[in-house]
Amino acid sequence: MPVLKYIYSQFLIIMTQQNNQENQINIEISEEMAEGVYVNLAVITHSHAEFVVDFVNVMPGTPKSKVKSRIILTPQHAKRLMKALTDNVKRFETVNGPIQDLEEVQMPINFGGGPFPEA
């Protein structure tokens, strides 16, 4: 689960920076893990005790897609991750300009299999 380990390592680094801790965390990453896994969809579900984030690579014209990685977080860690992502997006946009919001683009998603609906 390369995405999980990478996100968790980034989460630890950000939390360390945000808390201004003087202790440094030594995080190691293998070459294989450093390559990462491409995903273009995150499906988020939750219960009273946890958030589950499934990372998927959806390919056009393909009726099925597999989860490439899953992370499970406590609600507190999910909120910290949300804050860390928000902060990083703001910093990215400060340097690179606004990220185009693709909400108006409809991506057909069919979790039960079968053909995609007509556009």
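Now for a quick tour of the structure. Keep in mind that what you see is a predicted model, and the values were worked out from it rather than measured.

The rules behind the values
- Residues numbered from 1 in each chain as written.
- Predicted model: local features only at pLDDT ≥ 70, side-chain atom pairs only at ≥ 80, totals over all residues.
- Heavy atoms only, no water.
- Helix = DSSP H or I, 4+ residues; strand = E, 2+ residues; numbered from the N terminus.
- Buried < 20%, exposed > 50% of the residue type's maximum accessible area, 1.4 Å probe, protein only.
- Contact = heavy atoms within 4.5 Å.
- Areas by Shrake-Rupley, 256 points an atom, 1.4 Å probe, with all protein chains shown as cover.
- Salt bridge = Lys/Arg side-chain N within 4 Å of Asp/Glu carboxyl O.
- Core = buried A, V, L, I, M, F, W, Y, C linked by side-chain atoms within 4.5 Å.
- Pairing = 2+ DSSP bridges.
- Axes fitted to C-alpha atoms, helices over the stretch in contact; angles between N-to-C directions.
- Patch = residues over 30% accessible without salt bridge, like charges linked within 9 Å, V, L, I, M, F, W, Y side chains within 5 Å.
- Polar contact = N/O pair within 3.5 Å; in protein donor to acceptor, adjacent residues only side chain to side chain.

The helix and strand tally for the protein chain stands at 3 helices and 3 strands. The N-to-C order of helical and strand elements in the protein chain reads α-α-β-β-β-α. Across the 119 residues that make up the protein chain, the buried fraction comes to 18%. Put simply, of all contacts in the protein chain between residues at least 6 apart along the chain, 38% involve residues at least 24 apart. Roughly 9700 Å² of accessible area belongs to the protein chain as shown, and the carbon and sulfur atoms make up 55% of that amount.

This paragraph deals with the pattern of salt bridges. Counted according to the given criterion, the structure contains 2 salt bridges. The partner of Asp54 in a salt bridge is Arg70, and the shortest N-O contact between them spans 2.5 Å. With Asp54 in strand E2 (residues 51-56) and Arg70 in strand E3 (residues 67-73), this residue pair connects regions lying 16 residues apart in the sequence. Here Arg91 and Asp87 are joined by a salt bridge, their closest N and O atoms 2.9 Å apart. Of this pair, Arg91 and Asp87 both sit in helix H3 (residues 75-96), 4 residues apart, roughly one helical turn. By relative accessible area, which is 32% here, Asp87 ends up partly exposed.

On to the nonpolar core. One broad rule of soluble globular proteins: the nonpolar side chains tend to lie buried together. Core analysis: the largest hydrophobic core is formed by 7 residues, namely Phe11, Val53, Phe55, Ile71, Leu73, Ala78 and Leu81. Of all the secondary structure elements, the ones that give two or more residues to this core are E2, E3 and H3.

With antiparallel pairing, the 3 strands of this open sheet are ordered in space as E1-E2-E3. Single-partner strands in this sheet number two, and they are strand E1 (41-46) and E3. Ignoring strand direction, the axes of neighbouring strands in this sheet form an average angle of 20 degrees. Bridge count for E1 against E2 is 6 bridges, and the pairing is antiparallel. Paired with Ile44 across the strands is Val53, a residue of E2. Running over the sheet, H3 touches E2 and E3 and is turned about 115 degrees from E3.

A cluster of nonpolar residues, Val89, Phe92 and Ile99, forms a patch on the protein surface that exposes about 260 Å² of accessible area. Within the element layout of this structure, Ile99 appears in the segment after H3. A relative accessible area of 46% places Ile99 in the partly exposed class.

Asp54 sits in the buried class, given a relative accessible area of 10%. There is a polar contact of 2.5 Å between the side chain of Asp54 and the side chain of Arg70. Not counting chain neighbours up to four residues away, the residues in contact with Asp54 comprise Leu41, Ala42, Val43, Val67, Ser69 and Arg70.

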